[in-house]
Structures are given as C-alpha cells and as structure tokens.
Amino acid sequence: MTSSTDYIELKYDRDIAHLITAAYTSKQRIYLPFTDYGTGTTIEWADGNVTYKEGVIASTNTTNDSDTTILTSKYTTGSTITIKVYGDVKKFLGATGPHNSYWRSNMIWHSNTALKSVKIVGMSSIIHCQRAFANAINLESVDLTEFDSSNVINMDYMFYKCSSIETLDLSNQDVSNVTNFGNFFDGCSALTDLNITTWQTTEATAMNHMFRNCSDLPYIAPSSDNNRATAEFTLNTSKVADMNHMFSGCSSLVKLHPTNWDTSAVKEMDYMFNACSS
C-alpha cells in the first residue's frame, strides 16, 4: 500500500517544454506521464497549485484537463518546473514515437523531451512502467533507489531514447514480477555505468532490444566493481523467449559473461550481437 510519504518528483526544463510543443499552439503544456491515477492522486505543481485526479485517462484522450497538465507560459524563461505526485498512481503512459495527433500519448512523448530529473520514493501502487520515460532525451538524473517496484509487471521501453543518461544504479529495484524488459535501455547511447547486479528476473519472458544502441556501454557491470571486466552477467533467462537484437548496436561492449544462461525457452535470437564491433 502506498503511504503518505511516497511520491514521484519530476523536474522539467520550462524552455524545452515550451518550444517542443510550439506547433500545438494551445497545447504548450507539460503532460504528466500517467494513464491510471488509481483511487486518487494528489499533484503539487511548481506554482503552488494542488490538483486531484483519479481513474484512467485514455492514451487517445485529447483534452487539456487542468488536473494533469500545466501551461508552460505560466513559468518564467529559464526556470525548472518541479512537480510532485502523491497517491495511487498505477500506470505510466508514453509512446514509442511521435504521432501527428493531439492524443495524450503523443503529448507525453513531447513533454518527456523536457524531463531533466526523476525521483521515485515508495509508490508500490505502480504496476506498469511501460514507456515511462520514453524520449526523455534530456533526462540526466534518475533516482530510483527508494522506488518500491515489487508490483511492477511491465517495464518495456522504460528508458527508451534516454540519450543523456550516463549512470544508472538500479540495483535496489525489485523486478521479480516483471515479464517484459523489451527495449528497456534501447537508445541510451551515453550510458557508461550501469548497475543491475542484484536483479532477479525469474518471470521475464521478453528481453528483445533490451540494450540496443547502448553504444557507449563497455560492460554490463558497475564501475564500482573492481572486477568489472570479468563480472558475470547473471540475469535469469529461463523463461525468456525473445532475445532479438538484445545487444545490437552495443559498439563499445568489450566483454560479456553470460554465465550459466538458460536459453532453453528462447525462440528469437536474430541480430542479438549485431554491430558489437569492440
């Protein structure tokens, strides 16, 4: 159960948010990246305004509701817009590419471009992180050390095209119920230091494109590991059916030690190490 001290903190660059949606004249807004607000969610906006939302917003929704969006023109040029979310958030919402439409998922795709920082504390209510930060190309700071992800079942495209992130420590994440890791780090081209050493992926069935185009990543082990170059890659793959393009485009990957991998369930491995040129 989510407690009163649980929250999600999102920080956006006002100028990027204002510019990126300029083509959508009346929609120069930040759209919160959620589709299911559960039984009730409180949102604290940077201007001191507090709103409340519950239930589901469809990905095809086209309204500019004042509860979950904010006009960028309300904030001064050069400012950072900090938003805190408390309550029963259950599902993130995003997109895997831009669409020529006013759908909510498309607006979130554009808003994510302005996302600079993410912190999640607790929030065990969350069950889907699918496309959570997709297209957050300016995201630099990610703090999930206190995120209770024990109920999450889907993480595909979670950090898709987060091309500014250099370091990710996800070692505290409980991913034991996650089935889909497809495209998780896909396009994290600046990532050089990754810690997922404690992950228990016993329920995982999909890891396709998981590390695709992580072109600066030399090892799938943290820099703090003195034996990084020989560290074992210990993800449980006993139920994984799809490893298609899993490491494709990892052009800086020096060594990989998939010790004791169980690939008996795998049906797709095409282009698994495509363009791993190091």
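Everything discussed here concerns the structure shown above.
Just so we're clear, the structure is a prediction, and the values are computed from it rather than from any experiment.

Considerations on the overall build of the protein chain
And then number 1: Counting secondary structure elements, the protein chain contains two helices and 12 strands.
And then number 2: Along its sequence from the N terminus, the protein chain presents helices and strands in the succession β-α-β-β-β-β-β-β-β-α-β-β-β-β.
And then number 3: When its C-alpha atoms are laid out on the principal axes, the protein chain stretches across 55 × 35 × 35 Å.
And then number 4: Counting every position in the protein chain, which comprises 278 residues, the buried fraction comes to 53%.
And then number 5: Pairs at least 24 residues apart make up 78% of the contacts formed inside the protein chain by residues separated by at least 6 positions.
And then number 6: Here the protein chain displays about 11300 Å² of accessible surface, and carbon together with sulfur accounts for 45% of that area.
And then number 7: For the protein chain, the distance from the average site of its 19 positive side-chain charges to the average site of its 29 negative ones is 7 Å.

A word on the packing of aromatic side chains
And then number 1: Summed over the entire model, instances satisfying the criterion amount to 18 aromatic pairs.
And then number 2: Judged by centre distance (5.0 Å) and plane angle (50 degrees), the ring pair of Phe-34 and Phe-92 falls under tilted. One end of the pair, Phe-34, is in strand S3 (residues 34–36); the other, Phe-92, is in strand S8 (residues 91–92), with 58 residues separating them in the sequence. For the pair Phe-34 and Phe-92, one class covers both residues: buried.
And then number 3: Ring geometry for Phe-181 against Phe-184: centres 6.2 Å apart, planes inclined by 45 degrees, an arrangement best described as tilted.
And then number 4: In this structure Phe-184 comes out as buried when scored by relative accessible area, which is 1%.
And then number 5: The ring of Tyr-7 has Lys-84 sitting right over it, with the charged end atom 4.2 Å from the ring centre.

A closer look at the pairing of strand S9 (residues 115–122)
And then number 1: Buried residues dominate S9, accounting for six of its eight residues.
And then number 2: Note that strand S1 (residues 7–13) and S9 share six bridges and pair antiparallel. Bridge pairing links Tyr-12 to Leu-115 in S9.
And then number 3: Relative to strand S10 (residues 141–147), S9 is paired through five bridges, and the arrangement is parallel. Each bridged residue has a counterpart across the sheet, and for Val-121 the counterpart in S10 is Glu-146.

Some words on the nonpolar core
And then number 1: Of all hydrophobic cores here, the largest spans 68 residues; its most connected members are Phe-133, Phe-159, Phe-185 and Phe-211.
And then number 2: Listing elements by their share of this core, those giving two or more residues are S1, strand S7 (80–87), S9 and S10.
And then number 3: Contacts of Phe-133, omitting those with residues within four sequence positions, involve Phe-92, Asn-112, Leu-115, Val-118, Leu-139, Met-158, Phe-159, Tyr-160 and Cys-162.

Some remarks on the pairing of strand S4 (residues 41–44)
And then number 1: The alternating pattern of S4 places Thr-41 and Ile-43 on a buried face, while none of Thr-42 and Glu-44, on the opposite face, is buried.
And then number 2: Between the antiparallel neighbours S4 and strand S5 (residues 50–53) lie five residues, among them Gly-48 with a positive phi of about 95 degrees.

A short note on the pattern of salt bridges
And then number 1: Across all of its chains, the model carries six salt bridges by this definition.
And then number 2: In this structure, Asp-15 and Arg-14 form a salt bridge, with 3.2 Å as the shortest nitrogen-oxygen distance.
And then number 3: Relative accessible area serves as the criterion here: at 29%, Asp-15 is assigned to the partly exposed category.
And then number 4: When the shortest N-O distance is used, the salt bridge between Arg-212 and Asp-186 registers 2.9 Å. Residue Arg-212 is located in the segment after strand S12 (193–195), and its partner Asp-186 is located in the loop between strand S11 (167–169) and S12; the two are separated by 26 residues in the primary sequence.
And then number 5: Among the residues examined, Asp-186 registers a relative accessible area of 2% and is labelled buried.

Some remarks on the sheet that holds S9
And then number 1: The strand order across the open sheet formed by six strands is S5-S4-S7-S1-S9-S10, and the pairing between neighbours is mixed. For this open sheet the edge positions go to S5 and S10, each flanked by a neighbour on one side alone. Across the sheet, the mean angle from the axis of one strand to that of its neighbour is 15 degrees, orientation sign disregarded.

Thresholds applied
- Residues numbered from 1 in each chain as written.
- Predicted model: local features only at pLDDT ≥ 70, side-chain atom pairs only at ≥ 80, totals over all residues.
- Heavy atoms only, no water.
- Helix = DSSP H or I, 4+ residues; strand = E, 2+ residues; numbered from the N terminus.
- Buried < 20%, exposed > 50% of the residue type's maximum accessible area, 1.4 Å probe, protein only.
- Contact = heavy atoms within 4.5 Å.
- Areas by Shrake-Rupley, 256 points an atom, 1.4 Å probe, with all protein chains shown as cover.
- Lys, Arg positive; Asp, Glu negative; His and termini not counted.
- Charge placed at Lys NZ, Arg CZ, Asp CG, Glu CD.
- Phe/Tyr/Trp six-rings, centres within 6.5 Å; stacked < 30°, edge-to-face > 60°.
- Lys NZ or Arg CZ within 6 Å of the ring centre and 35° of its normal.
- Pairing = 2+ DSSP bridges.
- Core = buried A, V, L, I, M, F, W, Y, C linked by side-chain atoms within 4.5 Å.
- Salt bridge = Lys/Arg side-chain N within 4 Å of Asp/Glu carboxyl O.
- Axes fitted to C-alpha atoms, helices over the stretch in contact; angles between N-to-C directions.

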